[in-house]
Amino acid sequence: MATAQKRITKEYADIQKKPLDGMRISLPSEADIHQWQILIDGPKGSPYEGGVFNLHLSLPMEYPFKPPTLSFKTKIYHPNVTNDDKGSMCLGMLRADEWKPSSKIDAVLSFAQGLLSEPQPDDAVEGGIAREYKENKKEFVKNAKAWTKQYAKK
Amino acid sequence: MADDLEGEEDERTVELASLAAIYPELVLDEPGSDPFSATISIEVEPVEPLSIRFPSADGAPPVGPLTPPHSVIEEISQLEIEENGVAPPTNEDVYRISHLPALNLRLSLPEGYPAEKPPVFYLESQYSWLPEQKLQELREAGHSLWEELGRDQVVFSYIDHLREAAERGFDMAQADDQVLEVSPDLKVSLLDFDLNAKRAKFERETFECGICLDAKKGTVCHRLLLCGHVFCVPCLQDYYNTCIIEGDIGSVKCIAPDCGKEPRVGLAADQIQPKKGPKDSTLEPSELLQIPLEQDTVQRYIKLKRKKRLESDKRTVYCPRQWCQGPARTSKSKPDPGEETESTDETEEPRTYDRNAPPEKLPPPAERLAICEDCNFAFCKVCKASWHGEYFTCFPRSQFELTAEEKASEDYMKLHTQPCPTCDARAQKTHGCNHMICFKCDTHFCYLCGAYLDKANPYQHYNTVKSGCYMRLWELERGDDGEFGLGFGGGLDGLPFDVDDDEDEDDDPAPVPVAAVAAQFVPLAPLAPPVPFGPPRPQPPAIRPARGRDPGLQRFLMMARDDEEDEWDSDDLSDISDDEWDDDA
């Protein structure tokens, strides 16, 4: 899978050259370019503002033919992120059947960032939070803020 | 005035020299011939592609009677209009061509040019595709230009004029409703020229492949026919090969993130006409070969695609062979992947049929044939037995096909007769023990369970605990005509096919999955009279076999369906009786 190695290296170099706003990207282990660590600042105006979220991006050996997986290492109160210790998310472009090999990592990360500003309750993995988001936004914001304070402190 | 003379001569030389500097493609005539002649070819690549029609040779109007392939295209065009709101060319014979064979201009500057004599222009189009009238017009333009310029040096202006005209497509056929007609003899040449020119242009370009993110020369890239997106060949090969190997053929389509989400625009219009319905955006096998992919891989792609199409068709029936279960094609299967636009208006037939449904709910016999895609087994899609031809009915017969009398007769047979395990001829016991000898083929069998009995030692069956008929030799001694109750529940009929009673296996080397009934048993009577077999045992009588279908044939069909070996092979039987059974005893 020389293709994967080459492409990931290229994408990593591009991202380092032109960093995405509100994100810091690094490799936990220089030897393994398939695992990325991403720190995302909670977007302004969202209940996550003021927090820093640690995400893990795992690029399969078949990348870019298979989609990467993205997970939250920092606990987050969000309808599209599982509430367990995996913090996994699965939607939109990350689904295996919707993934297109010419989608790039920066698009994936921007997508995740966008999700913090605008959750997609209709595509939720946490039904309870989704319902709360739709029916009792105030309560949701309160909870999300509390979690951000508790888990995602800078 | 030597200077003047020289200057006059120079004027032509200078003009040609400066032209050669501006247009490197200008070719001066060989030294020795006329020094003031040259040729130049002028490329014709109109900004807006030309609409060209090639009327058929016999002069028939292009919109003739609709032949089937024609109508398919029309249909799809119609669909596209509805879906995209973009009107495709209404006539399949109209091509939008953006690269046309060049014009050749040959010019000659005579003595006295430019002041006294006009330049001489010969103009022709390669392949002579341009109408003569247009050429004439262009030639005359040269002369009038010379006049307009006050009889001055005109060649540059003229070439420029021609180039501009070429860019405008010579003002021919650029409006939507205008079409240039060209002799059909030139169709292949023109289309070929267009294709080659495009390819050459494509190869000179550089593209950034969206997969490896490298910039690649056009020579190692492929432009997808359907959407026009470009990727490099190694990446496409990698991706499509993986998809096809993993069986994910739905992904064999364009890889661009947003492709297919918006309606196709412009680009494809002057290229190849789309052949498929709008929903299916997977690639044609022929395009995969073009990329190129290995022939084997493409073959697999075709196979999987076909299979998927069959499986998505609710009317597909599946092979009844348990080890196969492949989808089968029937007369109702869609004949061609190109015609996927139909189907919704037809009433969907169920995939399985209830044999006992009223006949009008079942397909007519002629349409019951199905052939497995995988193992080529031909079977009836109603009764799932191997194909019996359209003149035989399915077995057992549907109750709707039987009269009350036939039905009663069949029911009676199920309860009160036992078929011979070899030839399926039915026997009814009127009295005596349960050791039977078939009146037809002399097979020895047990009346209770239908098992084979050893000719040499038939009673062992009734002395073996495991046989299920232990100590039951004299059951139903007074006959099985219903008057004395049933000791065993009739024959094996009506039970599912695989009632291999395992308990018999020790004594009975060939368990008898006799499921078929000689159904057309009408009338039941008269019974054959009992035949004396020798004291003290009375010979069990046998009845005549059912008329109609040969039961042996029926069992053969069953076996063919399960792909069994013919266990009734006479050699086997003699082997069994000679060796095994003796060993047992």
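Our structure is the block above this text.
What counts and what doesn't
Residues numbered from 1 in each chain as written. Chains lettered and ligands numbered in written order. Predicted model: local features only at pLDDT ≥ 70, side-chain atom pairs only at ≥ 80, totals over all residues. Axes fitted to C-alpha atoms, helices over the stretch in contact; angles between N-to-C directions. Helix = DSSP H or I, 4+ residues; strand = E, 2+ residues; numbered from the N terminus. Parallel < 35°, antiparallel > 145°, perpendicular 65-115°, else oblique. Left-handed = near helix turned anticlockwise from the far one by under 90°. Contact = placed C-beta atoms within 7 Å. Nonpolar A, V, L, I, M, F, W, Y, C, P; charged D, E, K, R; others polar. Core = buried A, V, L, I, M, F, W, Y, C linked by C-beta atoms within 7 Å. Buried ≥ 20, exposed ≤ 12 C-beta atoms within 10 Å, placed from the backbone.

**Considering the packing of helix α3 (residues 132-148) of chain B against helix α4 (residues 155-167) of chain B**
Residues and elements named next belong to chain B.
Okay, so step 1: It is at 10 Å that the axes of α3 and α4 come closest, and there the two elements cross at 140°. Considered as vectors, α3 and α4 are oriented oblique to each other. In this structure, α3 meets α4 at a crossing whose hand is right-handed. On α4, the residues touching Leu 138, Ala 141, Gly 142 and Leu 145 of α3 are Ser 157, Tyr 158, His 161, Leu 162 and Ala 165.
Okay, so step 2: Class assignment for the residues of the contact of α3 with α4 results in six nonpolar, three polar and no charged.

**Topic: the interface of chain A and chain B**
Okay, so step 1: Listed by partner, the interface residues are ten residues for chain A and ten residues for chain B.
Okay, so step 2: Per-class residue counts for the side of chain A that touches chain B are three nonpolar, three polar and four charged.

**Observations concerning the nonpolar core**
Okay, so step 1: Counting residues in each nonpolar core, the largest one holds 32 residues, and the members touching the most others are Leu 100, Leu 105, Leu 162 and Leu 190 of chain B.
Okay, so step 2: For this core, the secondary-structure elements that each account for two or more residues are β2 (37-44), β3 (50-53), β4 (94-97), β5 (100-108), β6 (120-125), α3, α4 and α5 (187-204) of chain B.
Okay, so step 3: Among the elements that line this core, the one with the most residues is α4 of chain B, at six residues.
Okay, so step 4: Residues within four places of Leu 162 of chain B in sequence aside, it is in contact with Ile 42, Leu 103, Leu 105 and Leu 138 of chain B.
Okay, so step 5: Among the nonpolar cores identified, the runner-up in size contains 28 residues, and Ala 4 and Phe 65 of chain A together with Phe 231 and Cys 232 of chain B belong to it.

**Some remarks on unusual backbone geometry**
The general pattern is negative phi for most residues beyond glycine and trans for most peptide bonds.
Okay, so step 1: Cis geometry is found at the peptide bond from Tyr 63 of chain A to Pro 64 of chain A, where omega equals 5°.
Okay, so step 2: Put simply, Ile 291 of chain B and Pro 292 of chain B share a cis peptide bond, and its omega is 5°.
Okay, so step 3: As for its placement among the helices and strands, Pro 292 of chain B is situated in the loop between α7 (285-290) and α8 (295-312).
Okay, so step 4: Not every positive phi belongs to a glycine, and Arg 151 of chain B is a case in point at roughly 55°.
Okay, so step 5: A positive phi angle, close to 70°, is found at Asp 424 of chain B, a residue other than glycine.
Okay, so step 6: Within the fold, Asp 424 of chain B resides in the loop between β16 (418-419) and β17 (426-427).
Okay, so step 7: Judged by the 23 C-beta atoms lying within 10 Å of it, Asp 424 of chain B is buried.

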